[in-house]
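Coordinate inspection notes
The chain contents come next:
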Amino acid sequence: KKRDELKQDVRKGMENLMVLDTEIAHQRSVIDTIRSDISTLDGYIALQDSQLVCLEGELEDRKMRYMKSMRYMHRNRSVQNQLAFVFSADNFNQMYRRLRFNREYAAFQKAQGEAVRAKQQQVVQKRQELSESKHQKNALLAQGEQARRHLEGRQTEQKAQVEKLKKEQKTV
């Protein structure tokens with residue numbers, strides 16, 4: 001009678017081991033999926049880093065051009081200088097062209113300022129995307145670590161159960 005009970009316990013223990021093996025295999029597949037997601041995110045982060053470097057370079061270029069044009073405008077800023085430039089024309093056509101040049105240059109200045117602002121906004125947005133991606137990666141890493149710890153706990157539990165079953169079989 002006791003022998004039958006022990007056999008049943010051993011059989012139940014083996015069934016529990018099989019269940020634990022299945023759970024461990026599932027946890028390993030979860031960990032592998034997380035690793036795959038992390039490597040995909042690493043590639044995306046690298047791409048965002050390179051785009052950010054490119055955008056920052058473009059921003060610096062636009063800033064330099066804007067500063068040059070602002071210096072030019074500052075030097076030739078006064079209304080008297082502009083009027084002198086327009087009225088010093090040799091004829092009416094040249095005067096009209098100079099007046100149009102002043103207007104177009106002012107519009108160009110405004111467009112340059114807007115372009116710099118737009119590039120700055122792109123850089124800020126790209127930095128935010130990069131920060132979010134890194135946050136996602138850290139969350140996935142934490143999730144992977146948690147799954148790994150859970151898996152290690154299950155393995156420890158499984159080993160203890162195997163040892164217990166071995167001892168029971170020896171006594172039988």
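This structure is a prediction, so every number in the text was calculated from the model and none was measured. (Residues numbered from 1 in each chain as written. Predicted model: local features only at pLDDT ≥ 70, side-chain atom pairs only at ≥ 80, totals over all residues. Heavy atoms only, no water.)

With seven residues, the main nonpolar core is built from I45, L52, L55, L59, V116, V123 and L130. For this core, the element with the highest residue contribution is helix α1 (residues 2-75), accounting for four residues. Not counting the four nearest positions on each side in its chain, V123 is found in contact with L52, L55, E56 and L59. (Core = buried A, V, L, I, M, F, W, Y, C linked by side-chain atoms within 4.5 Å. Buried < 20%, exposed > 50% of the residue type's maximum accessible area, 1.4 Å probe, protein only. Helix = DSSP H or I, 4+ residues; strand = E, 2+ residues; numbered from the N terminus. Contact = heavy atoms within 4.5 Å.)

What follows concerns the side chain of Q109. Tracing the sequence through the fold places Q109 in helix α3 (residues 92-171). By relative accessible area, which is 7% here, Q109 ends up buried.

Counting all residues, the mean pLDDT for the protein is 80, and 95% of those residues have values of 70 or more. Within the protein, the element-level pLDDT minimum falls on helix α2 (residues 79-87), averaging 70, and the maximum on α3, averaging 82. (pLDDT = per-residue confidence, 0-100.)

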